[in-house]
Amino acid sequence: MFLTREEEAILDGEMGEGMRKAMELLVAMGDIKGAEKLVPVSRVHVSGVSYKTIGEAGLEFLRELADTGVGARVLATLNPTGIDLENWAKLGFEESFASKQLGIVEAYTRMNIIPSCTCTPYLSGNLPGKDEIISWAESSAVVFANSVLGARTNRESGVLALACALVGKAPCYGLHLDENRVPTFRVRVETEPMSEADFSAMGYYVGKHYEGIPAFEGISPGIDELKALSAGLGVGKVNMFSLDYEGIQETVSFGKEELRETYEELNTSEDVDVVCIGCPHCSLQEIGGVLRRNPGKDVWVFTGRQNAGLFREKGRVRIIKDTCMVVSPLEDLGIEAIGVNSAKAAFYASHLSDIEVRFDSLENLLK
Ligand code: F3S
């Protein structure tokens with residue numbers, strides 16, 4: 001891979017050990033992917049934040065890196081943590097977990113990564129424009145950025161996104177290049193997806209069974225439905241989709257049968273301890289929708305801190321920020337089964353945490 005003189009100098013350690021490590025990561029990834037050069041990025045979104053997922057080794061790595069004095073050179077935001085950073089004690093999270101989690105956030109903050117702690121950076125001020133070159137981790141946000149916003153990012157790992165933030169550049173390959181951003185197959189939608197859960201189920205099904213860039217025919221999703229579709233696709237191998245299917249020959253179908261099969265696969269329980277909404281984190285519209293229904297059961301609404309402060313909790317609805325039903329240790333709170341309207345949450349709750357799941361539409365979950 002071609003490196004400029006400045007990039008060579010960073011790789012030689014002239015700007016310190018932390019920057020050398022970051023550049024080493026970018027060059028290694030660039031070489032693996034056949035990138036010809038690095039490109040400047042304007043924004044970064046970093047994942048790998050919850051102590052539940054990165055553990056002690058992750059915390060140590062971040063502390064050591066922060067100790068070298070490195071800092072993000074561009075706007076960089078952070079994915080959800082394992083706790084609500086302010087209300088963790090009230091919610092029942094253990095002090096031993098919380099102190100580790102706060103250590104992780106402190107290390108990221110020392111590196112100038114903004115502790116936005118949300119997986120919807122685009123709803124919290126990290127909003128790229130069309131063709132903007134960015135470097136995002138968090139699969140649901142990557143799909144949304146490429147497909148809905150028209151920005152350009154590969155699906156970075158958390159560590160690589162962090163390295164991109166420190167250097168301000170990313171290896172130029174994959175979805176940064178025009179030729180790789182062309183839809184490769186059409187998905188003819190033969191059932192009308194009615195709920196956000198249906199959109200997320202469709203995304204999950206397509207991402208699980210196909211690779212490439214799908215172009216959906218027969219849907220007119222709103223913004224929250226696009227968010228749900230993006231998250232579902234991101235569970236699988238898809239990093240971008242399109243709604244422009246003209247001229248695409250290869251066609252697959254998604255109908256009632258595929259929808260039924262997906263619900264059947266993801267449902268493991270009828271009864272739930274709590275309904276968890278907000279995978280990806282809820283928009284203002286979604287939070288307002290839950291509060292207006294005033295459900296007669298426990299509902300936890302997960303969202304970004306910017307949104308959380310705008311609402312007052314009501315009845316049995318709690319508004320929780322900085323974390324989500326997947327990356328927080330819900331099992332430590334004695335929760336055994338949750339209701340979700342997100343295929344991504346359904347998949348990871350049962351695979352990462354051994355929590356039983358009822359996957360259904362919001363309407364059905366709140367009945
Ligand atoms: Fe976000 Fe957690 Fe889902 S990070 S996309 S709410 S698994």
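Quick look at the structure, then. Please read these numbers as outputs of a predicted model, since none were measured by experiment.

## Observations regarding the pattern of salt bridges
All told, the structure shown has 26 salt bridges when counted by the stated rule. In this structure, arginine 152 engages aspartate 178 in a salt bridge whose closest nitrogen and oxygen atoms are separated by 2.7 Å. With arginine 152 in the loop between α6 (139-149) and α7 (158-167) and aspartate 178 in the loop between β5 (169-171) and β6 (185-189), this pair connects stretches of sequence that are 26 residues apart. Classification of aspartate 178 by relative accessible area gives exposed; the value is 54%.

## Details of empty space enclosed by the protein
Where empty space is left becomes clear once a probe the size of a water molecule has been rolled over the atoms. Under the defined criterion, the tally for this structure stands at 2 cavities of 30 Å³ or more. Every residue lining the largest cavity is counted, 13 residues in all, and those nearest its centre are Glu196, Lys227, Cys279, Glu286 and Asn341. Secondary structure elements with two or more residues in the lining of the largest cavity: α8 (196-209), α9 (223-235) and β9 (274-282). Among the elements that take part in the lining of the largest cavity, β9 stands out by supplying 5 residues, more than any other. The residue inventory of the lining of the largest cavity, partitioned by class, reads 5 nonpolar, 4 polar and 4 charged. Counting residues domain by domain, the lining of the largest cavity receives three or more from each of domain 2 (182-264) and domain 3 (267-365). Considered as a void within the structure, the second largest cavity measures approximately 40 Å³ in volume. Residue lining of the second largest cavity: Gly18, Lys21, Ala22, Leu25, Phe61, Leu65, Val159, Leu162, Ala163 and Leu166, and that is the complete set. Elements that contribute at least two residues to the lining of the second largest cavity include exactly α2 (17-33), α3 (51-67) and α7.

## Quick word on the layout of surface pockets
Taken as a whole, the largest pocket spans an internal volume of roughly 470 Å³. Every residue lining the largest pocket is counted, 23 residues in all, and those nearest its centre are Ser47, Asn79, Glu138, Val327 and Lys344. Broken down by secondary-structure element, the contributors of at least two residues to the lining of the largest pocket are α3, α6, β9 and α13 (343-352). It is α13 that contributes the most residues to the lining of the largest pocket, 3 residues altogether. Its residues assigned to classes, the lining of the largest pocket shows 11 nonpolar, 8 polar and 4 charged. Looking at which domains feed residues into the lining of the largest pocket, each of domain 1 (5-178) and domain 3 (267-365) gives three or more.

Thresholds applied
- Residues numbered from 1 in each chain as written.
- Predicted model: local features only at pLDDT ≥ 70, side-chain atom pairs only at ≥ 80, totals over all residues.
- Heavy atoms only, no water.
- Salt bridge = Lys/Arg side-chain N within 4 Å of Asp/Glu carboxyl O.
- Helix = DSSP H or I, 4+ residues; strand = E, 2+ residues; numbered from the N terminus.
- Buried < 20%, exposed > 50% of the residue type's maximum accessible area, 1.4 Å probe, protein only.
- 1 Å grid on protein atoms, 1.4 Å probe; cavity = no way out; pocket = protein on both sides within 12 Å on 5 of 7 lines; lining within 4 Å.
- Points joined across faces, edges and corners; volume = space filled by probe spheres on them.
- Nonpolar A, V, L, I, M, F, W, Y, C, P; charged D, E, K, R; others polar.
- Domains from an automatic or database assignment.

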